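Reading the structure
Listed below are the residues making up each chain.
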Amino acid sequence: MGFEDQRFSVNLSILFTELPLLERPAAAAAAGFTAVELWWPWVDSPTPERTGLDALRKAIEDAGVRLTGLNFYAGQLPGPDRGALSLPGRESERFRANVDVAAEFAGSLGCGALNALYGNRVDGVDPAEQDALALENLVRAARAADRIGAVLLVEALNRPESPRYPLVSADAAVGVVDRVNEATGLGNAKFLMDLYHLSMNGEDLPSVIERYTPRTGHVQIADTPGRGAPGTGSLPLADLLGLLRKAGYDGRVGLEYKPGDRPSAESFDWLPR
């Protein structure tokens, strides 16, 4: 088992970014993909105009691809921000304003997974206060996801690139998943297992896969170092995905890597055809 046995989705917020947003779904389809995922595309607006939402929906539908994952509003991403839901004040309010908008958009396209990035620690704010606010907002997001039959994803990032982000281990992210599920009773909060981030944190990936595959709602990959395509670094991604399959994961695997200094369409030469 390895790449041949996987179903992949392509993240249109890191791949095909050489194209305008509305052209990316068709480009993914032309490259052979049937599923796409996105970070929240309107980084400055948690509640964009209906015309923008409708145009993106139409582009996805016209391309014949399925949206399988969407981030809630997370601030400037890519950029300095790592989420908004644990940040007191304006950013938390923007996250809350986005929850129903993102869920409605995802639901209209049959998207079954919504990712909520936790947010960085804030100078002068008690971490316990941020964690209480985060739980409150994650409960709100989990309930919105449940209304459209979706799961809520909680992701660990990596400390070298996100030193102020508190969830930099699989254990930390799964701990948040457990608290959300306990608070809602819905059981729809799941771990987003990003093998790139976990590798950058120096985790024992086979152990993470063995322990947490049953709690995992989505998997994303990129090679390390460099966050490039599989084969550009040293991470044994084919073997790790084989372990995931053996452990019972049968969902899609999100391609969340940088294409390098070439068009995105040329960065899939590692992928079995």
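Look a little higher up for the structure.
Conventions we followed
Residues numbered from 1 in each chain as written. Predicted model: local features only at pLDDT ≥ 70, side-chain atom pairs only at ≥ 80, totals over all residues. Heavy atoms only, no water. Helix = DSSP H or I, 4+ residues; strand = E, 2+ residues; numbered from the N terminus. Buried < 20%, exposed > 50% of the residue type's maximum accessible area, 1.4 Å probe, protein only. Contact = heavy atoms within 4.5 Å. Areas by Shrake-Rupley, 256 points an atom, 1.4 Å probe, with all protein chains shown as cover. Lys, Arg positive; Asp, Glu negative; His and termini not counted. Charge placed at Lys NZ, Arg CZ, Asp CG, Glu CD. Phe/Tyr/Trp six-rings, centres within 6.5 Å; stacked < 30°, edge-to-face > 60°. Arc of directions from axis to C-beta. Salt bridge = Lys/Arg side-chain N within 4 Å of Asp/Glu carboxyl O. Axes fitted to C-alpha atoms, helices over the stretch in contact; angles between N-to-C directions. Parallel < 35°, antiparallel > 145°, perpendicular 65-115°, else oblique. Left-handed = near helix turned anticlockwise from the far one by under 90°. Nonpolar A, V, L, I, M, F, W, Y, C, P; charged D, E, K, R; others polar.

A few words on the overall build of the protein. When its secondary structure is counted, the protein shows eight helices and eight strands. Taken across its 273 residues, the protein has 54% of its residues classed as buried. Long-range contacts, defined here as pairs at least 24 residues apart, represent 75% of the contacts in the protein between residues at least 6 apart. When the accessible surface of the protein is totalled, it reaches about 11300 Å², and 49% of it is carbon and sulfur. Looking at the protein, you have 27 positive and 37 negative side-chain charges, and the mean spots of the two groups are 3 Å apart.

This part covers the packing of aromatic side chains. For the coordinates displayed, the defined rule picks out 11 aromatic pairs. Both rings, one in Trp40 and one in Trp42, keep their centres 5.1 Å apart while their planes meet at 65 degrees; by these two values the pair is edge-to-face. Here Trp42 falls in the buried class, since its relative accessible area comes to 18%. Summarising the aromatic geometry, the rings of Phe191 and Tyr212 are spaced 6.2 Å apart at their centres and angled 75 degrees between planes, so their arrangement reads as edge-to-face. One end of the pair, Phe191, is in strand E6 (residues 189-194); the other, Tyr212, is in helix H7 (residues 205-212), and 21 residues separate them in sequence. With a relative accessible area of 12%, Tyr212 lands in the buried category. By the ring-pair criterion, three or more aromatic residues cluster together here, those being Phe3, Phe8, Phe16, Phe33, Tyr257, Phe268 and Trp270.

The next subject is H7. Among the residues of H7, Leu205, Val208, Ile209 and Tyr212 are the ones counted as buried. Seen from one end, H7 has its buried residues packed into an arc of 100 degrees, which puts them on one side. Contacts from the buried residues of H7 go to helix H5 (170-184), E6, helix H6 (195-200), strand E7 (216-221) and helix H8 (237-246).

On to the pattern of salt bridges, then. All chains considered together, the criterion is met by 13 salt bridges. For Asp123, the salt bridge goes to Arg164, with nearest N and O atoms at 2.6 Å. In this pair, Asp123 sits in the loop between strand E4 (113-115) and helix H4 (127-147) while Arg164 sits in the loop between strand E5 (151-155) and H5, placing the two residues 41 residues apart along the sequence. The class for Asp123 is exposed, based on a relative accessible area of 65%. By relative accessible area, Arg164 is classed as partly exposed at 38%. For the salt bridge of Arg227 with Glu256, the shortest nitrogen-to-oxygen distance reads 2.8 Å. Separated by 29 residues along the polypeptide, Arg227 in the loop between E7 and H8 and Glu256 in the segment after strand E8 (253-255) bring together distant segments of the chain. Note on Arg227: relative accessible area 12%, which makes it buried. Overall, Glu256 belongs to the buried group, its relative accessible area being 4%.

Further remarks concern the environment of Leu87. Along the chain, Leu87 falls in the loop between strand E3 (66-71) and helix H3 (90-108). Among the residues examined, Leu87 registers a relative accessible area of 17% and is labelled buried. Note: C-alpha distance between Leu87 and Val101 (14 residues apart in sequence) is 19 Å. With residues up to four places along the chain from it excluded, the contact list for Leu87 reads Ser92, Gly119, Asn120, Val122, Gln130 and Leu133.

All right, on to the packing of helix H2 (residues 50-63) against H3 then. The N-to-C vectors of H2 and H3 enclose an angle of 30 degrees; their axes lie 11 Å apart at closest approach. Taken together, the axes of H2 and H3 lie roughly parallel to each other. The handedness of the crossing between H2 and H3 is right-handed. Within the contact between the two elements, H2 uses Arg50, Leu53, Leu56 and Arg57 and H3 uses Val101, Glu104, Phe105 and Ser108. Class assignment for the residues of the contact of H2 with H3 results in four nonpolar, one polar and three charged.

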